[in-house]
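What follows is the residue order along each chain.
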Amino acid sequence: MHVFITGATGFVGTAVVQDVLAAGHTVTGLTRSEGGAAALSALGVRAWRGTLDDVEGLRDAVAAVDGVIHTAFDHDFSRYAANCAQDRRAIEALGAALKGSNRPLIVTSGMVLDVQGRPATEEDVAFPISPAYPRASEHAASALVARGVNASVVRLPPSVHGEGDHGLVPMMIGFARTKRVAAFVDDGANRWSSVHRLDAARVFRLALERAAPGARYHAVAEEGVPFHEITAAIGRRLGVPVTGIACAAAAQHFGALAHFAGMDVPASCSWTREVLDWHPRQGTLMEDVDSTRYFPA
């Protein structure tokens with residue numbers, strides 16, 4: 001297959017590109033910069049210069065490909081609502097270009113689901129769109145399926161870890177380093193599901209090859225790591241105190257990430273493992289967090 005991948009030079013996208021290439025497919029990757037284009041060319045990937053805001057360019061980019069994997073997302077949480085709107089427009093543009101064909105579109109979504117008291121499964125629906133949670137990736141994909149587009153979703157957990165991580169865990173490390181205390185919310189018993197970036201990449205590629213309209217896959221290797229364990233490792237590595245803070249005070253410590261710090265989002269991946277014959281091979285979140293990978297000398 002000839003595959004178009006957005007976010008091709010990103011933390012997850014780079015791993016997806018490499019996995020797709022290793023499986024024998026060819027890739028065109030979306031990138032904004034000359035440096036990104038050079039990096040893709042070095043991998044044998046055709047670089048497509050553009051941005052998620054260029055919806056006409058996105059439509060042109062997918063005109064001659066066999067499938068699309070959409071991993072790009074701007075994780076600047078200070079403008080989260082605007083970034084979610086940008087993501088939705090990009091998904092709609094990609095879907096419009098694929099409509100009328102059976103060419104697959106794999107959309108990336110988060111693991112914020114309307115579930116209480118148990119691990120989320122692939123059958124659970126996405127959390128309703130609201131000012132508190134404006135991300136509409138999954139809803140946009142579902143709307144495309146209803147219009148005849150072969151779209152499916154890969155849900156990523158709160159922690160996608162590995163070399164080059166700049167997501168939630170490094171952000172939590174940054175708060176602890178700046179404030180000289182590693183904090184969790186309440187008793188820290190809330191859990192984060194997790195996956196290594198290389199294992200997640202394989203889910204995207206297998207989902208593309210399966211091309212099952214409306215499917216939802218969980219790229220989850222660990223069902224739920226207690227947040228206080230993550231915080232304890234951060235405190236130990238930085239040599240700072242570890243403490244719980246009240247939910248009402250979370251915003252003062254974590255800022256815009258307070259909601260994520262207190263989320264309890266365990267998730268199952270039994271169905272994904274079965275239908276994709278997917279078996280995570282990489283190390284655990286705690287092995288990564290408690291290492292020089294996250295705390296270089």
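This text gives an overview of the structure that appears in the document. As the structure is a prediction and not an experimental result, all values here were calculated from the model.

### Let's talk about the overall build of the chain
Right, on to step 1. Of regular secondary structure, the chain possesses 12 helices and 12 strands.
Right, on to step 2. Rg of the C-alpha trace for the chain: 19 Å, near the compact-globule value of 19 Å for 297 residues, within the 12% margin.
Right, on to step 3. Seen along its three principal axes, the alpha-carbon backbone of the chain occupies a region of about 55 × 40 × 35 Å.
Right, on to step 4. Buried positions account for 54% of the 297 residues belonging to the chain.
Right, on to step 5. Surface accessibility of the chain: about 12,400 Å² in total, with carbon and sulfur atoms responsible for 51%.
Right, on to step 6. Charge separation in the chain, taken as the distance between the mean sites of 27 positive and 31 negative side-chain charges, equals 3 Å.

### Description of the sheet that holds strand β9 (residues 191–196)
Right, on to step 1. With mixed pairing, 3 strands are arranged side by side in an open sheet as β7-β9-β11. Looking along the sheet, the strands with just one partner apiece sit at the ends: β7 (159–161) and β11 (222–226). Averaged over all neighbouring strand pairs, the angle between strand axes comes to 40°, with direction disregarded.
Right, on to step 2. Pairing analysis gives 3 bridges linking β7 to β9, with the strands arranged parallel. Pairing of S159 across the sheet is with S194, part of β9.
Right, on to step 3. Packed onto the sheet, helix α8 (residues 227–238) meets β9 and β11 and runs at close to 60° relative to β11.

Quick notes on the rules
Residues numbered from 1 in each chain as written. Predicted model: local features only at pLDDT ≥ 70, side-chain atom pairs only at ≥ 80, totals over all residues. Heavy atoms only, no water. Helix = DSSP H or I, 4+ residues; strand = E, 2+ residues; numbered from the N terminus. Rg over C-alpha atoms; globule rule 2.2 N^0.38 Å. Buried < 20%, exposed > 50% of the residue type's maximum accessible area, 1.4 Å probe, protein only. Areas by Shrake-Rupley, 256 points an atom, 1.4 Å probe, with all protein chains shown as cover. Lys, Arg positive; Asp, Glu negative; His and termini not counted. Charge placed at Lys NZ, Arg CZ, Asp CG, Glu CD. Pairing = 2+ DSSP bridges. Axes fitted to C-alpha atoms, helices over the stretch in contact; angles between N-to-C directions. Contact = heavy atoms within 4.5 Å.

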